[in-house]
Amino acid sequence: MSGADTVGRAAATPGQPQPYAELGLTSEEYARIGGVLGRRPTDAELAIYSVMWSEHCSYKSSRVHLRQFAESAPPSAALLAGIGQNAGVVDIGQGYAVTFKVESHNHPSYVEPFQGAATGIGGIVRDILAMGARPVAVMDSLRFGPADAPDTRRVLPGVVAGISFYGNCLGLPNIGGELAFDPCYRGNPLVNALCVGVMRHEDLKLAAARGTGNQVILFGSRTGPDGIGGASVLASATFGGSDAAKRPSVQVGDPFMEKLLIECCLDLYAGGLVTGIQDLGAAGVACATTELAAGGGSGMRVDLDVVPLRDPALGPAEILMSESQERMMAVVEPGDVDRFMDVCARWGVLATVIGEVTGTGRLEMTWRGEQVVDIPPASAADEGPVYQRPIQRPAGQDALLADDPAALPRPEGGPELRAALLSLLASPGLADTAWVTEQYDRHVRGNTVLAMGQDAGVIRIDEQTGLGIALATDGNGRFGLLDPYAGAQLALAEAYRNVAATGAVPLAVTNGLNFGSPEDPGVMWQFSEAVRGLADGCAALGVPVTGGNVSFYNQTDETPIHPTPVVGVLGVHADVTRRVPVGLRTEGAPIVLLGRTAAEFGGSAWAQVAHGHCGGRPPQVDLGAEQALAAVLTAAAADGLLEAAHDLSEGGLAIALAECCLDQGLGCQVALQGDLFTQLFSESAARAVVAVRPGSERAFAALAARHGVPVQELGVAGGDSLVVQGSFDIPVDELAAAHTGTLPGIFG
Amino acid sequence: MTARVGVITFPGSLDDADAARAVARAGAEPVPLWHGDRDLRGLAAVILPGGFSYGDYLRCGAIARFAPVMGELVPAARAGLPVLGICNGFQILCEAHLLPGALTRNAGLRFIDRVVRVRIEDTRTPWTADYAQDQEISVVLKSGEGAYVADPATLARLAAAGQVVARYAGANPNGSVGDIAGVRNEAGNVVGLMPHPEHAIDALTGPGTDGLGFFTSVLRAMVDQ
C-alpha cells in the first residue's frame, strides 16, 4: 500500500475534499474535471489539470483573442509550422528553415532575478531545440522601474548576470534586444527572451507521440522538488508536511547540462532516432506527456517510479509538476532505443525509458505499482476552459488622450535644444547599454554580423552563400497605454523598420504580450485592442505571426503595467555582406531623411524625460508608408547604395543622428527646415535616416521616388561634431560622454 | 599534404567551431579531437578552444585537466608539440601546469565581451612568428575569469625570459597583473592567450583579421619543419 491517491480510491471516495482552490482552479473548473473523468480526480490528476488549465499553459483568457493572428494572417508560403507548435517555423530559402519565439519570465525574475532570468533563457532555448533546430542566437527585451530606484539596483544587475551566465555558457551569441525604464515596471519588471534556431526543412520535429509500442524517454537532468509551488500545496494537504514550504519555487538552472542536451539532441536528430519530441518547461512531465499524447492522438502509459529523482521523497503529483530544468522527452521506436542511449551516453546525458505509446487514447500512469492517472490527454492539453473575459474601456482613457503634450514648455533656441538633446541621450532608456551588453558573448559561433547598438541583430546562416537573418524586438509601453491598438502596431512597425534598415526583407513575427490582470476589464480591453492592432498590422504588412507568449498578471496590487506588447520581426538577408550598419563612416557622404515629420509628441521620450509626461495621442500609424520605406531600404542595401541607415524612433531625429555619429566617432553637419524642435524630437513613424554612398545619390533618389517615399536632404557626414546649422553643435566626444556615463554611474 | 591542426572539444567547449574555422581560413586542415580520445593521431599542432569546459565546475579548467585526451597532450606538449590555449583553453593549460600562473575573476566581477588592443611582445613562438615585434592587434576579449595572476618570482622569471607573449595595450580590461594577456612555456611551443584571435579573422564577423596571424604562424612553423 503506497498511500497514494489511486484511481480506484478516487472512484470510491467521491466526497473527499481536495485543495483545488489553492491550486488555482475555480469550483466550476474542478467540477468540469469531474465531468470529464466521471469521478473526482486523483491528487496526481488534479496536479495535471491545475497546471495544464493554468493561464500560463492554457491561454484560457487570451485564446479567443489570439485566434485573430491565424484568422487574419496574410497568405505566406514561408510558414512551415505556425501557432500552437513550440515555436513557428519559417522557410528562408536554400533549404533552410528558421524557428524563433519570444517568451516571458517576468515574475520569477522579480522574485529571484539571477535564476529567474537564467532559466528564462534556458526555457526558450529548449522550445527552439524541440522544433529540430540548432539554436543560434538569443536576444533579451528588458524593462525595469526607474533606473535609480533601489529595487532596480537589486533586480537589473541580477537579471543581466543571469542572462549572461546562462546564455554565455550555452555558447549562444546574444545579438541585441531592448532596455527600457518606466515607473510602471517598478514592482513588476519585464524579462522577455527570444531565441532563434536554424534547421534544414526536412529536420522539422513535432511534439507528437505516435506509433503504438514506441518508447517514451525522459532525458537530461534528474527531477527535483524545484519550481513546484502548486504541488507543494498538494503535498502539504495530503501529508501535512512542512518541508515543502521551504522548497524554492523558482527553478535553478544548469546551463552546462543544457549545452550537453543541445548537442545530444542534435546528434539524436541527425541519427534519425526521434519520432516526436517535447521540451519540459512549465508543468514539466505533466505538460510533456499530455501534449505529446494529445498531439499524436494516441495513448501513453508512464511508470513514474522510474523517473530519476534528486529527492526520493517526491510523490507522484510533485514528479508531474516539477519544473526542474534541462529536461526533454522523446518518442523513440523500440529498435532505436539502444542507439538513442549510446548518443546520450556519449554526451553524459542521463536517459530513462519511462513509458510507451499505446492505442488506448488514455494517458495512464502508475506509481508504486498502482494506477494514479487515467485521463484523456486532450482534455488536459487542448480542451481546457476558455473564457470570454469582460472588456471595458477604462474610464480615464479619454482624459489621457486629451492630455496633449502640445501644452508642455518646449526648448527654444540653440542652447536649449542642445541641452535637450544631451539630456535625452543621457537618459537611462536611451543611454549606451554597454554596461549590460558587454556582459553578453556576442561573438561565439563566429556568425554575428550585427549585434547590439545596431538596428537589428544579423546572423550569417550559410558561410558559402552569405544567406542570413536579421532580428529586432521592439515595444513601447507608453504608446500602448495611450492607444493599445496603435501601440501594438507601432511596436510591429518599429521592429519591421529596424530589420529593413539593415537591408533584410521582413518575413515573420513573434510576440510577447505583457499585460496586467485579465480579470480587470480595463486590462482586457487593452489586451483585445493590442491583439487586434497587431493582427491587423501583420495582415497589412504581409508578415504572419508565427507564435508567441502571453504574460498576464503583471501588476502591483491593483495597478497594472502599461500594456507592453513586445514584437519580434525576422527578416532575411540574401547576402549578409550587403548589411547596412548604423554608423557614419565616410566624410562627405550625403545624409538623407526618409519619411514625413509631423509634430507628434504623445508618449514621446522627450515628454517623458523632460516632463515625466505621458498623454495625448501616439504617433500616427501608416503601414503603407512603412512598407514603402522598407522597400526602399532593402532595395538600396541590395544595390549597395547605402553606407549607413538608422530607424527613427524614441527621441526622433536628434537621437538617431547622435547614434549614427557615435557608432564610428564621425560627426555630421545638417540643416533642418521648419520648426527645429519638431524636426529634432518628434517621433513620427515610418522614418529613417541614411548615409548614401558617394556617387549613388541619383540612383538612391530615383529609388525613393519610385516608391513614393519623401526625401529630405539633411547634409553630410564628417568632422568631429554633430552640427545643426544655425542652431548648435556638439563635439562627438561630448555626445559620447553623455551617452556612456549614465548606466555605469548608476550600476557601478 | 595539408598541415593538420587538432581542435579539442570538451563537454562545454563553445569556440571549437570558431577555432576550426580559423585554422581552415589560414590554410590548414582542422581535425576535431574529443575529450575522451587517447590518441593525438599524429597531429602537427593542437588548439584548446574557449568555452566553459565541464561547466567551469570546481574551477575553470580544473576538471578538463583530467580528461583522457590531456593524458596524451601533456607529454606531447612537453616534447615540443605546438599547443595554443585560448580563454578556457588557457585556463586548462594553467591547471595542467603546462603554463605558469592562473586566471581569476575579472576586476569588477563581471563577464566582459569587448574588442581590445593587444601588443604581441614575443614573436619567437610557433603561434606568433607572423607578427612583428610589439605589433598591436585588435581582438575580442570575452571572459569572466580572465585576470592573469602569478607570484612575484614567477612574474620576474617570465619577464626575464621573455615569456609574456601578449599584453593589453590600452586600459587594462580585467585586472590582469602586468597587463598580461598571454604567456608561453619556457620552450615556447605552448602558448596561452585570454583574448580570442579566432574571432578576429574576418571583418564581417569580428573586429578585422588581426587574429589570423596565430593560425598562419603555426602553419608556417609546421611547413618549415
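Residues numbered from 1 in each chain as written. Chains lettered and ligands numbered in written order. Predicted model: local features only at pLDDT ≥ 70, side-chain atom pairs only at ≥ 80, totals over all residues. Heavy atoms only, no water.

Draft legend 1. Just the overall build of chain A, in detail. Within chain A, the regular secondary structure consists of 26 helices and 28 strands. Its C-alpha atoms give chain A a radius of gyration of 26 Å, near enough to 27 Å, the size a compact globule of 748 residues would have. Projected onto its principal axes, the C-alpha positions of chain A cover 90 × 55 × 45 Å. Sequence separation of at least 24 residues holds for 85% of the intrachain contacts in chain A that already meet a minimum separation of 6. For chain A, the accessible surface area stands at approximately 24100 Å², while carbon and sulfur atoms represent 51% of it. Side-chain charges in chain A split into 47 positive and 82 negative, and the spacing between the mean points of these groups amounts to 3 Å. (Helix = DSSP H or I, 4+ residues; strand = E, 2+ residues; numbered from the N terminus. Rg over C-alpha atoms; globule rule 2.2 N^0.38 Å. Contact = heavy atoms within 4.5 Å. Areas by Shrake-Rupley, 256 points an atom, 1.4 Å probe, with all protein chains shown as cover. Lys, Arg positive; Asp, Glu negative; His and termini not counted. Charge placed at Lys NZ, Arg CZ, Asp CG, Glu CD.)

Draft legend 2. Inspection of the sheet that holds strand β3 (residues 96-104) of chain A at higher detail. All names here are of chain A. Ordered in space as β1-β2-β3-β6-β4-β5, the 6 strands form an open sheet in which the pairing is mixed. The open sheet is flanked by β1 (79-81) and β5 (174-181), the only strands paired with a single partner. Sheet twist, expressed as the mean angle between neighbouring strand axes with direction ignored, is 25 degrees. Note: strand β2 (residues 88-93) against β3, 5 bridges, orientation antiparallel. The residue of β3 that forms the bridge with Gly93 is Tyr96. Running at roughly 175 degrees to strand β4 (residues 134-144), helix α8 (residues 150-170) makes contact with β4, β5 and β6 (190-200) of the sheet. (Pairing = 2+ DSSP bridges. Axes fitted to C-alpha atoms, helices over the stretch in contact; angles between N-to-C directions.)

Draft legend 3. Structural detail: the confidence of the model for chain A. On average, chain A scores 94 in pLDDT, and the residues at 70 or more come to 96%. Taken together, the stretch residues 236-246 of chain A has pLDDT below 50 and engages in 7 contacts with residues farther than four places along the chain or on a different chain. (pLDDT = per-residue confidence, 0-100.)

Draft legend 4. Region of interest: the interface of chain B and chain A. At the interface, 26 residues of chain B touch 31 residues of chain A. When chain B packs against chain A, close to 2400 Å² is buried across both sides, 54% of that on carbon and sulfur atoms. At the boundary of chain B with chain A, the tally comes to 6 salt bridges. A salt bridge links Arg21(B) to Glu463(A), with the shortest nitrogen-to-oxygen separation between them at 3.1 Å. Connecting chain B to chain A are 12 residue pairs in polar contact (both at pLDDT 80 or more). At the level of elements, α1 (16-26), β6 (112-120) and β7 (136-143) of chain B are the ones that each hand at least two residues to the side of chain B that touches chain A. Counting residues per element, the side of chain B that touches chain A draws most heavily on β6(B), which supplies 4 residues. By residue class, the composition of the side of chain B that touches chain A is 12 nonpolar, 5 polar and 9 charged. (Buried area = accessible area lost by both parts, 1.4 Å probe. Salt bridge = Lys/Arg side-chain N within 4 Å of Asp/Glu carboxyl O. Polar contact = N/O pair within 3.5 Å; in protein donor to acceptor, adjacent residues only side chain to side chain. Nonpolar A, V, L, I, M, F, W, Y, C, P; charged D, E, K, R; others polar.)

Draft legend 5. How the structure looks around the pattern of salt bridges. Evaluated as defined, the whole model comprises 41 salt bridges over all chains. For Arg497(A), the salt bridge goes to Glu626(A), with nearest N and O atoms at 3.0 Å. A residue pair is termed long-range when its members are at least 10 positions apart, and Arg497(A) in helix α19 (residues 484-501) and Glu626(A) in helix α22 (residues 623-638) qualify at 129 residues. In this pair, the class of Arg497(A) matches that of Glu626(A), namely buried. When salt bridges with common partners are traced through the structure, they connect Arg460(A), Glu463(A), Asp18(B), Arg21(B), Arg25(B) and Asp202(B) into a single cluster. (Buried < 20%, exposed > 50% of the residue type's maximum accessible area, 1.4 Å probe, protein only.)

Draft legend 6. Broad picture of the packing of aromatic side chains. Residue and element names in this part refer to chain A. Applying the stated criterion to the full structure yields 18 aromatic pairs over all chains. An angle of 70 degrees between the planes, with centres 5.7 Å apart, marks the rings of Phe601 and Trp606 as edge-to-face. A single burial state applies to Phe601 and to Trp606, both of which are buried. For the pair Trp606 and Phe677, a centre-to-centre distance of 4.7 Å together with 75 degrees between the ring planes defines the contact as edge-to-face. (Phe/Tyr/Trp six-rings, centres within 6.5 Å; stacked < 30°, edge-to-face > 60°.)

Draft legend 7. Just the packing of helix α20 (residues 521-541) of chain A against α22(A), in detail. Residues and elements named next belong to chain A. With their axes 10 Å apart at the nearest point, α20 and α22 run at an angle of 45 degrees to one another. Classified by the interaxial angle, the pair formed by α20 and α22 is oblique. Judged by the twist between their axes, the crossing of α20 over α22 is right-handed. Contacts between α20 and α22 pair Gly537, Ala540 and Leu541 from the former with Leu623, Glu626 and Gln627 from the latter. (Parallel < 35°, antiparallel > 145°, perpendicular 65-115°, else oblique. Left-handed = near helix turned anticlockwise from the far one by under 90°.)

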